Amino acid sequence: MCKIFTLFKHGSILKYLNKGFTVPLLISGSMLTMLLPADAWSKEAYPKMGMVDRMTIKDSLLSIPNPFLYQLEVSGKVTDAKGSPVPGVSVKIKDTSIATVTNANGEYRIRVPNNAAKLIFSYTGYSTQERDLGSGTVLNIVLAEENKNLTEVVVVGYGQQRKATVTGSIARANLESFRDAPNTNIAQSLQGAVAGLNVGPVSGAGNTPTIRVRGQNTLSGNQNALIILDGIQYNGNLSAINPDDIESIDVLKDASSTAVYGAQAANGVLLVTSRKGKGEPRINFTTSYATQTPTADLRPMTRDEQLEYMKALDLTKSYTNPAYVQPPITVIADGGIKNAAGLLPNDFNWYDAGTNRGYINDYGLSVSGGAEKVNYLISANFTNQSGFIINDKFKRKSGRANLEGKVTDWLTVGVQTFAAFNNEDGAEPDKTTLFRTSPLLVPYDASGNLIVQPYSTSQDINPFSTSNIDNFDRHNFYFANLYSQVNFPFLEGLSYRINFGNNGRTDNVYIANPYGASQTGSVSKFVEQYYDYTLDNILTYNRKINKHGITGTLLYGAIERRDEFTQANATGFSRLTLGYNNIGLGAVQTVSSGGYRESLNYQMARVNYTFDDKYIFTGTVRRDGFSAFAANNKFAVFPSASLGWIVTDESFFKIPAVQYLKIRAGYGISGNQVGRYRSLDQVRASGYTYLFGDGNSNTLFGQRLSNLGNPNLRWEKTREINLGADFTLFKGRLTGALDVYSRKTKDLLFNVNIPNVTGFETITSNIGAVSNKGIELTLTSTNINSGGFKWNTTFNFSRNVNKITELLGNGDLINSNLFIGHSINSIYDYKSDGIYGVGETIPAGYYPGTRRVVDTNNDGVVNTLDRVIIGSQDPKFRFSVLNSFDYKSFTFSFFVNSIQGGSDGYLGSNTLSLILNDNNMRYNNIAGIDWWSPSNPNGEYPRSQVSPTFNPGYYKSRSFVRLQDITLNYKFPQPLLKTLHIKNLTVFVSGKNLVTWTNWKGWDPELSNDSGLNGLNMGGRPLLKGYSAGLNVTF
Amino acid sequence: MKKLLFIVIFFVIGASSCKKAFLDEKPISFLSGSNAFITYKDFTASVIDLYVLTRAEFYSSGESRPFDYLYGTDLVFDGEPAVDRHTNMIAAYNPTGNIARDHWRLLYKMVAEANTIIARMPNSELTDAQKVSIEAHARFFRALAYRTLTYLYGGVPISLEEVTSPKTDYVRASKADCLNQVITDLTFAVANLPAINTVRDGEISNAAASHLLAEVYLAAENYQEAVDAANAVINNPNLSLMRTRFGSRSTVTPGDVYWDLFQQKNQNRSSYSNREGILVMQFETDVIGGGALSTTRDSSYMLERHHGPSVRDIFVNSAGTTTNVPTFLWPNNDYSGGRGIGWAVSTKYFMDDIWQSDFKNDIRNANHNFVRDYVCNNRASDMFGKTISTSNPPKGITVPSRAFYAYQTKATTPFDHPSNLIQDAATGLLKPAAGATFTDQYMFRLAETYLLRAEAYMRLGNLGSAAADINVVRARSSASPVSAANVNIEYILDERMRELGVEEKRRLTLGRLGLLYERVKKCNPYYKDMLPTYNLWPIPSSEIERNKDAKLEQNPGY
């Protein structure tokens, strides 16, 4: 195609004309001729208006940015809404790199090729404007302050809402900044990234972290946030979801926003939305490779180290025998590590043999697009992860198809569906055994056969006898949400939507272990099937009449979940040739099976009303019924109300630094449910077997009342007040949200310990109340944005204080570790002030090298009355900082995450101690431990000949600061890509968990402290760090 | 707008018309209180669990707890110090410790199960006769549990009703009240349990109830009633001491009738006409409900592991010097103690002192019943085939010590371990999974009934009858008779050691008599930290804390 330009001669000056509009040219016609190749234009006589020449210039030439061609100068002034000039605004000609900026008075001048050119005005904090030149050469612009808050849409549950009209505490996760991180699970992208959303780390391949919102407001109830995937409650494993398929995650934090999910929402709600196809067809391919190595450098002792360690452990034999002669090590050493010739000669590193460098390899392909009538997204993903421990493997194949069609003006139908096939074949070696098997032993004999029990003196097995086995471990997930929406033609704004969500899972875990059951072979086969459906009917009415905006939503729905499993075991195989495929060949066969069904039924009504787009009211009421509650308490009602006021829209609001301010206040009640069957007295009939007489065919099955029923079990109810503000300051340079909340949970569900005289350990009861108060702050600032360089910082801060306010009956429940006025996670234990040394006066029941227990009540004896509250496991506060830098085609970002506990918070148990016994004389241990000994009286960890009466817990701060993610990504420039017919090509390198600053000893402070596994514990596992590289290409 | 209203109304009606049954909760893979106590089979299933609980408490709840009845007494001491095995007694018997807590928990579970059975019967389909029978079973086990609790802890809270809502205000009853309750329950059981010749092997009978009743009357110091109850057992024509060789290995030599009593399959009445067992706890290997596995010792009764010596630690050669070549091939299927690890080391009192009068003639002291002379079985050692004796130990080996002491073979199954456990048939080497004892276990045996009656006669001043009863037992083992003048409680305790040894729940006997402290001081120098306080265990501190609405008094000294 060519554009036709007409050149006029006006005296000695040429005129450049298009569509009859003339502008003066600044250069002569002869120069123009020179600049253009001969074949680029043609001249012909044109009779009118003194025109001398008419030339045609090939379009392709015009696209070459050549300021000499741009003979049209445009000028103007940029002001803001209040008329003040805006300096520094970028003014750019569209589709070129030619740009200028406004001066101190907000004025600019720029040459353009013609008056068909378009100018783009952009400035941080203001909406970017694209303007046609129109017919003038002066273009004055009024820039509107950008307000993401006004345009952004968030998912709120059973619908979407403009963020501007949201009155609850809802945060949208920043997924984009973590897309390039080596995360196999979408939840890993949330770790530390949203204030008030507490996501833990993972240490095993494919694992899903814990996801908690705000403080802990339940004891025995469910603590995990509710996950809603494309509108459907998702109880599957998040590891089934391909992170690339996820468009957005919105977090509902306070009760006024979670109340739409009523009885299951007290722990917050995560609304996960999958991508939708849009625009022209797009083919996207991504791939990445990441390394996986441990962040901690714990290792077992070497041969020499273990021999020294044994001497120090058996002090009596080593140093204090009557002759004061140290006997040879062969006398001290256990028979299991020596033979006729003396100590075994080996120095084998079991841990090295049981670990390897891990990796994550990821491939994703998606095709998407959309037109007026239909949109589609089809994606496939393959993830292959190998962890640090051998055989810790995770492979996921997944596919997704999202389709939506507008059948008629009033009917839309669609489906969101995915399937994932997770393969976790392979069994890990037992970690504790891997660490503690003596380096004097080896796993294989001279002919390469595995030595099942390497110690001749104990039953301890070779750790590789649990990994060198046939393990088939598959988990398949299926999800399909079929929906249909009807926009009723007879009433504008009224629509009906039906969601039919289906969620299925099959688990198949088969094991054939030739070393099992004392080497007679053990085989097991476990098959589980889960299915749930959600049927939601949603009626929405959305109308704006003058200044009144109203959205009403009615919901009626039901959920039913069913599960069943079968487990078959056999031991005693003459041969295992057929592995787990023929369990019948085992001599001893046992089978078990089970299942459950639970159901929910609910109704919800919500109204969202806005007046003048400034005053917003949202009210919801939800009624929930759940099968697990006792007959008298099946249903409960969960109401909420919230208000919002956009202060900046008021005419009286005149603080220039504040462009947007919305104040929110909400109150709501949400619930937490107890596990199914907990209100029933359960009579277990399997596992209690006996027989009379000799022979093998007279097994009798008993039954046992396994727990006490509670016919009065009620919902746990959480009431929450949330006050918040969303704001934009300093012309958009600083945006943020601040929330303060106070939530009180009543009727706490708790498995309260009761006297064993009853025949039971616990009963699930509603026992008290707990309060959580907290503050959450998110700030995003643009620190620099000039000359193509942009630096953004996002800062998150959250703090939560947990306190038990009320307990059933008479005060504290010491035996259940619950204390009024203290956190649920208080640590109540003996206090220790060191380790007893040799020669000290040591009370009976204690020995040199055992922890000193403080007689806190000074009554002369140490007993249970000396326990005190030492501190809490709760963090004091959390914060994170994300910095991202854009320069031309490069983006660099790094993310620092931290949890802090102060002096007595975020404590973790790290109770390593050692006493002399057979096993400890055989077992290896962690190298480099600062053990107490007579020659190391200041050693940190107790070591003694006899176990003491009390070995108090040893608690250390888990506070840490972590460089969690760091990413550099490069987008290839468009001109180059155009010639390759590629829309977009990005390459990236990133690092995860590269540095952690902490005083914690052991694996990683943030990993779960259950049983002290994350401390100096041989059974723990490391957090993994890694470097990754990858590319993302779109055609 | 009208149409909208119509839709809303339709919606609300739809919402409220949900079927009620949708939210009903029905357990799928287990029963609930509402449907598990209806038929006779339901109740017999509950009774079966009482056997399961009893076996767990006294034999198989784990590696340590069943042996709390042996450690810390005059019988054995600990080869390796550990709180679980009663060294550092302060820690072992601390109110926060596992010992005090775990037995309490399991025994009260038996009480609660029995209470539930009794409470649920009125609303069941049971006939009157079935009700009486089931109740008798439940009350026997409830009595067994309370008797054990009372001996271990003193007076404990008495709970006789089914607990259906949390109760946190228990108080301790007196020891006398507890014993009276046991006597009441056992009296009912004696009257209503079937005769021993009509029950299946291992089932409780009126004879078992009478035996237990005799013992509890002793504790309650009702000695004539004790004699009467014991008479019901001893005079039962279906019961008698075994006096000639019998059973599965009756032709094996060396051997004798006492040895035959403890061989596999010989404990039950039906298999080999054993008339001596009164209540035999059942074990069967590799059968569901059998309680013993040949593939792992876990969950089995691990007496072999505890009481077998740790001969693996003996490194002597014929020159009498230390070597790196083990003298024994361990663990072994022979008389060297199976896969013993020498934790329950016989006291010198148990292995030597009590046998002095009849060292050679008492068959209970024969080497195949109480091993002193060990035949070295490691072909690699120059001691192979030679004998070393605890009476004359090699240089450098202390007797008794963990590696070497005399042990009772009833703790193991010499030359008769399950074939799955035999690693090498030629040498007798066992697999490391060994350590369990693969025989049924006598809970009550007629020989003990004689000794109980002897104790009652002794208390009544009838020393002649007491000696006569003791001599019935001694005569069977070719031991010389005791004279009436020599019968006293110490002698009876010694005779119980000789006859019952590690078979007996020794702590219960000494606890019943309140003589634990004295006997330990007299017979077991190992436990230097023994205190009179330890005659009773403490009430678990967790129980005191849980029982927050009333005070459970702690035993003195804790």
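Coordinates for the structure precede this section.
Residues numbered from 1 in each chain as written. Chains lettered and ligands numbered in written order. Predicted model: local features only at pLDDT ≥ 70, side-chain atom pairs only at ≥ 80, totals over all residues. Heavy atoms only, no water.

(A) Representation of the pairing of strand β17 (residues 226–229) of chain A. All names here are of chain A. Neither face of β17 is open: one carries Leu226 and Ile228, the other Ile227 and Leu229, and all of them are buried. The pairing of β17 with strand β20 (residues 269–274) spans four bridges and is parallel. Each residue of the ladder has a partner; that of leucine 226, found in β20, is valine 269. Note that β17 and strand β18 (residues 232–233) share two bridges and pair antiparallel. If you follow isoleucine 228 over to β18, its bridge partner there is glutamine 233. Taking the residues between adjacent antiparallel strands as the criterion, β17 and β18 are bridged by two residues, where aspartate 230 takes a positive phi near 50°. (Buried < 20%, exposed > 50% of the residue type's maximum accessible area, 1.4 Å probe, protein only. Helix = DSSP H or I, 4+ residues; strand = E, 2+ residues; numbered from the N terminus. Pairing = 2+ DSSP bridges.)

(B) Structural detail: the sheet that holds strand β8 (residues 107–112) of chain A. All names here are of chain A. On the basis of which strands lie adjacent, the open sheet formed by three strands has the order β8-β5-β11 and mixed pairing. At either margin of the open sheet sits one strand with a lone partner, and together these are β8 and β11 (141–143). Each neighbouring strand pair of the sheet contributes to a mean axis angle of 35°, computed without reference to strand direction. Of the strand pairs in this sheet, strand β5 (residues 72–80) and β8 are connected by six bridges, and their pairing is antiparallel. If you follow valine 74 over to β8, its bridge partner there is isoleucine 110. (Axes fitted to C-alpha atoms, helices over the stretch in contact; angles between N-to-C directions.)

(C) How the structure looks around the sheet that holds strand β19 (residues 246–252) of chain A. Ordered by their spatial adjacency, five strands build an open sheet running β14-β19-β20-β17-β18 (chain A), and the pairing between neighbours is mixed. Looking along the sheet, the strands with just one partner apiece sit at the ends: β14 (170–172) and β18 of chain A.

(D) Representation of the environment of A:Glu716 in the model. Residues and elements named next belong to chain A. Within the element layout of this structure, glutamate 716 appears in strand β40 (residues 716–729). The class of glutamate 716 is buried, set by a relative accessible area of 0%. For the pair glutamate 716 and glutamine 673, spaced 43 residues apart in the sequence, the C-alpha separation amounts to 6.4 Å.

(E) Up close: the nonpolar core. Among the nonpolar cores identified, the biggest contains 179 residues, and A:Ile767, B:Phe140, B:Leu149, B:Ile314 and B:Phe444 are the most heavily contacted of them. Here the element with the most residues in this core is helix α5 (residues 128–153) of chain B; it accounts for 13 residues. Among all residues touching A:Ile767, those that are not within four sequence positions of it are A:Leu219, A:Asp747, A:Leu748, A:Phe750, A:Val752, A:Glu806, A:Leu807, A:Leu808, A:Leu813 and A:Leu818. Ranked by size, the runner-up nonpolar core spans 42 residues in total, among them A:Tyr309, A:Ile332, A:Leu441 and A:Ala927. (Core = buried A, V, L, I, M, F, W, Y, C linked by side-chain atoms within 4.5 Å. Contact = heavy atoms within 4.5 Å.)

(F) Looking closely at the packing of aromatic side chains. All names here are of chain B. Here the structure, examined in full by the defined rule, presents 66 aromatic pairs over all chains. Between the aromatic rings of tyrosine 59 and phenylalanine 283, the centroid separation amounts to 6.1 Å while the plane-to-plane angle is 75°, which identifies the pairing as edge-to-face. Taken together, the residues span a long stretch of sequence, with tyrosine 59 in helix α2 (residues 40–60) and phenylalanine 283 in the loop between β3 (277–281) and β4 (284–285) at a distance of 224 residues. Side by side, tyrosine 59 and phenylalanine 283 carry an identical accessibility label, which is buried. (Phe/Tyr/Trp six-rings, centres within 6.5 Å; stacked < 30°, edge-to-face > 60°.)

(G) Main features of the environment of A:Arg622. Residues and elements named next belong to chain A. Of note, arginine 622 is situated in strand β33 (residues 615–626). Setting aside its immediate chain neighbours within four residues, arginine 622 contacts Tyr158, Ala259, Val260, Tyr261, Gly262, Leu555, Tyr602, Gln603, Met604, Ala636, Val637 and Phe638. Of note is the side chain of arginine 622, whose polar atom sits 3.2 Å from the side chain of tyrosine 158. (Polar contact = N/O pair within 3.5 Å; in protein donor to acceptor, adjacent residues only side chain to side chain.)

(H) Broad picture of helix α15 (residues 489–499) of chain B. Residue and element names in this part refer to chain B. Among the 11 residues in α15, 10 count as buried, and that is most of the element. Inspection of α15 places Ile489, Tyr491, Ile492, Leu493, Asp494, Glu495, Arg496, Met497, Arg498 and Glu499 among the buried residues, and these make up the whole buried set. One or two residues past the end of α15 sits glycine 501, with phi positive at roughly 55°.

(I) Up close: the interface of chain A and chain B. Each side of the interface is counted separately: chain A has 101 residues, and chain B has 98 residues. In total, about 8300 Å² of surface goes out of reach between chain A and chain B, with carbon and sulfur atoms giving 60% of it. Of all residues in chain A, A:Tyr690, A:Gln703 and A:Val757 give up the largest surface area on contact with chain B, accounting jointly for 10% of the area buried on that side. Across the contact surface, chain A and chain B share seven salt bridges. As a salt-bridge pair, A:Glu761 and B:Arg546 come within 3.2 Å of each other at their nearest N and O atoms. When residues in the side of chain A that touches chain B are grouped by element, the largest group, 12 residues, is from strand β32 (residues 588–611) of chain A. Its residues placed into classes, the side of chain A that touches chain B shows 45 nonpolar, 43 polar and 13 charged. Note: strand β36 (residues 682–684) of chain A against strand β1 (residues 31–32) of chain B, two bridges, orientation antiparallel. Counted as the bridge partner of A:Gln682 is B:Ser32 from β1(B). (Buried area = accessible area lost by both parts, 1.4 Å probe. Salt bridge = Lys/Arg side-chain N within 4 Å of Asp/Glu carboxyl O. Nonpolar A, V, L, I, M, F, W, Y, C, P; charged D, E, K, R; others polar.)

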